[in-house]
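# Structural overview
Chain residues, written in single-letter form:
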Amino acid sequence: MAPLPLPQAPPPPPKAVKHSFKFFLTLLVQSTEDSAGFFASTILFLVAWSTICAFGAYELRKLAAADPGGAAERWMEDIDNGKSAVAIIGTLFVFTVIFRFNACYDRWWESRIFWGDIISKSLEMAMYNRRWFANDELQDRLSGYIVVFGYSCKSLLRGKSLNEDGDGKDFVKRGLISQKELDLMHSNPSWQPHFCLDMIREIIVRLHMIPEGKGLRIDDSNKIHGQLFRCLDNTLKDLNTLIGNCVRVRASGLPASYDAITMTSCIGFFMIASVVWSVSIGWMTPIIVFLASMIIMFLIVMGSKLVDPFGLDEVDIPLEDFCTTIEAQVQAIDERSKSIMTAVSSETQQRNSGTAIRRKSSATFHIPKLA
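Keep in mind the model is a prediction, meaning the values are calculated, not measured. (Residues numbered from 1 in each chain as written. Predicted model: local features only at pLDDT ≥ 70, side-chain atom pairs only at ≥ 80, totals over all residues. Heavy atoms only, no water.)

### Considering the overall build of the chain
Check the secondary structure of the chain and you find 14 helices and zero strands. Overall, the chain shows an N-to-C arrangement of helices and strands of α-α-α-α-α-α-α-α-α-α-α-α-α-α. Here the chain, with 371 residues, has 37% of them falling under the buried criterion. Counted over contacts in the chain with a minimum sequence separation of 6, partners at least 24 positions apart contribute 78%. When the accessible surface of the chain is summed, it comes to about 22,100 Å², and 63% of that surface belongs to carbon and sulfur atoms. (Helix = DSSP H or I, 4+ residues; strand = E, 2+ residues; numbered from the N terminus. Buried < 20%, exposed > 50% of the residue type's maximum accessible area, 1.4 Å probe, protein only. Contact = heavy atoms within 4.5 Å. Areas by Shrake-Rupley, 256 points an atom, 1.4 Å probe, with all protein chains shown as cover.)

This is the structure in structure tokens:
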């Protein structure tokens, strides 16, 4: 039997390619707008310097032509011999700039991964809440704090509290938390996401403390109960770790000295390169310096734009959309929990009524023999 051909990897969908292009185009435009003065002044300085170098090389050529074998001609030969050194320095410099941009982009991408995990863990806790507990009032409070946790993470990463962000009062109006709880959260010196996690833990304890185990759907004497509690605790630990990772990304920006060294290297390289290039390419030097320095400056300012991914810029992580997603999905989990219980109960009754018939039936599908 001839071996089957290996499946080909599908090409990326057009929408994903279009979205990536739009992201980098937006990043380029916003980075240039925010650093327009710095961007333009640096390029203009380098172009002006390269023009002076080109004019100096032009005058040096005239002197060399007037005095063959003289000092001017020897200067031109010495400068032209520096092309190899400039090429090596340029390679190292470009590698440094690209490495810096990749480091900034990795911070942005890492933050998206952290928030994807925050969403999945929050929804996991919401499903645990509706499947394992049996007190509607406390379950509603727990769902409310799962929603508030996401918004409190957003506020913390932007250096605000829920009161300052305007979300807190809206939560009180919608009944997710009470005004007393909001005031306590605001006055508490701890991070507000940690306050939400502590409240979730307290609600879980209250559910376990209800007499006769009426707060639990599974008897606490059941051997599986310990495993279920461990799942709850592990999910809360993961949420705590994720918000800590986000804070680390926000607080550990690139050192100021690193940016200073990058800019000093950029200006120094193009100043030296302009002197060497002007001898061989003459008046093309300003054009080459303009194009090359613009590309390098684009990489520098775009990297600086990605250092803090939790801001309000269009290229930053859409924290509002993520929080809205958590809230909508938690609400959907709450709404479908009752319908799932009803569906399972009715289906169990129907299956029990047809048990004798099903035991007499046989499989209706065929498993082919493999060659």
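### What to know about empty space enclosed by the protein
Counted according to the given criterion, the structure contains two cavities of 30 Å³ or more. Roughly 30 Å³ of internal volume is contained in the second largest cavity. Along its surface, the second largest cavity is lined by Ser122, Met125, Ile146, Phe149, Ile200 and Leu239. For the lining of the second largest cavity, the elements supplying multiple residues, two or more each, are α4 (83–132) and α5 (136–157). Each residue belonging to the lining of the second largest cavity can be placed in one class, and the counts come to five nonpolar, one polar and no charged. (1 Å grid on protein atoms, 1.4 Å probe; cavity = no way out; pocket = protein on both sides within 12 Å on 5 of 7 lines; lining within 4 Å. Points joined across faces, edges and corners; volume = space filled by probe spheres on them. Nonpolar A, V, L, I, M, F, W, Y, C, P; charged D, E, K, R; others polar.)

### Concerning the side chain of threonine 285
Tracing the backbone shows threonine 285 in helix α12 (residues 285–306). A relative accessible area of 0% places threonine 285 in the buried class. There is a polar contact of 2.7 Å between the side chain of threonine 285 and the backbone oxygen of glycine 282. Once residues lying within four places of it in the same chain are set aside, the contact partners of threonine 285 are Ser50, Ser274, Trp277 and Ser278. (Polar contact = N/O pair within 3.5 Å; in protein donor to acceptor, adjacent residues only side chain to side chain.)

### Re the pattern of salt bridges
In the structure shown here, the tally under the stated rule is 16 salt bridges. Residue arginine 141 is joined to glutamate 181 by a salt bridge in which the shortest nitrogen-to-oxygen separation is 2.3 Å. Taken together, the residues span a long stretch of sequence, with arginine 141 in helix α5 and glutamate 181 in helix α8 (residues 179–187) at a distance of 40 residues. Of the residues examined, glutamate 181 reaches a relative accessible area of 13% and is grouped as buried. Note that arginine 174 is salt-bridged to aspartate 170, the shortest N-O span being 3.0 Å. Note that arginine 174 and aspartate 170 are positioned in helix α7 (residues 167–174) at a spacing of four residues, about one turn of the helix. (Salt bridge = Lys/Arg side-chain N within 4 Å of Asp/Glu carboxyl O.)

### A closer look at the packing of aromatic side chains
Throughout the structure, instances matching the rule amount to 11 aromatic pairs. Here the aromatic rings of tryptophan 108 and tryptophan 109 are separated by 6.2 Å at their centres, their planes lie at 35°, and the arrangement is tilted. Classification of tryptophan 109 by relative accessible area gives partly exposed; the value is 44%. Ring pairs connect the aromatic residues Phe93, Phe269, Phe270 and Trp277, which therefore count as one cluster. (Phe/Tyr/Trp six-rings, centres within 6.5 Å; stacked < 30°, edge-to-face > 60°.)

### Here we look at a nonpolar patch on the surface
Residues Ile281, Met284, Ile287, Ile288, Phe290 and Leu291 make up a contiguous nonpolar surface patch of roughly 480 Å² in combined accessible area. Here the element with the most residues in the nonpolar patch is α12; it accounts for four residues. (Patch = residues over 30% accessible without salt bridge, like charges linked within 9 Å, V, L, I, M, F, W, Y side chains within 5 Å.)

### As for the packing of α4 against α12
Interhelical geometry of α4 versus α12 gives an angle of 25° and a closest axis separation of 8 Å. For the element pair α4 / α12, the angle class is roughly parallel. Like other packed secondary-structure pairs, α4 and α12 cross with a definite hand, here left-handed. When α4 is examined against α12, the residues Phe93, Val94, Val97, Ile98, Arg100, Phe101, Cys104, Tyr105 and Trp108 are found in contact with a partner set consisting of Ile296, Leu299, Ile300, Met302, Gly303, Ser304 and Leu306. A per-class count over the contact of α4 with α12 returns 13 nonpolar, two polar and one charged. (Axes fitted to C-alpha atoms, helices over the stretch in contact; angles between N-to-C directions. Parallel < 35°, antiparallel > 145°, perpendicular 65-115°, else oblique. Left-handed = near helix turned anticlockwise from the far one by under 90°.)

### A word on the environment of valine 148
Assignment of secondary structure puts valine 148 in helix α5. Classification of valine 148 as buried rests on a relative accessible area of 0%. The contacts of valine 148, once residues within four sequence positions are left out, are Leu162, Phe171, Leu176, Ile177, Met185 and Cys196.

### Some thoughts on helix α11 (residues 256–281)
Helix length check: α11, at 26 residues, gives a terminal C-alpha distance of 36 Å against a target of 38 Å (1.5 Å per residue), a fit within 8%. Valine 275 marks the point of greatest bend in α11, at about 25°. Within α11, the full set of buried residues consists of Thr262, Met263, Cys266, Phe269, Phe270, Ala273, Ser274, Val276, Ser278 and Val279. Looking at the residues trailing α11, positive phi occurs at glycine 282, about 60°. (Expected span 1.5 Å × (residues − 1). Bend = angle between axes of the 7 residues up to and from the residue.)

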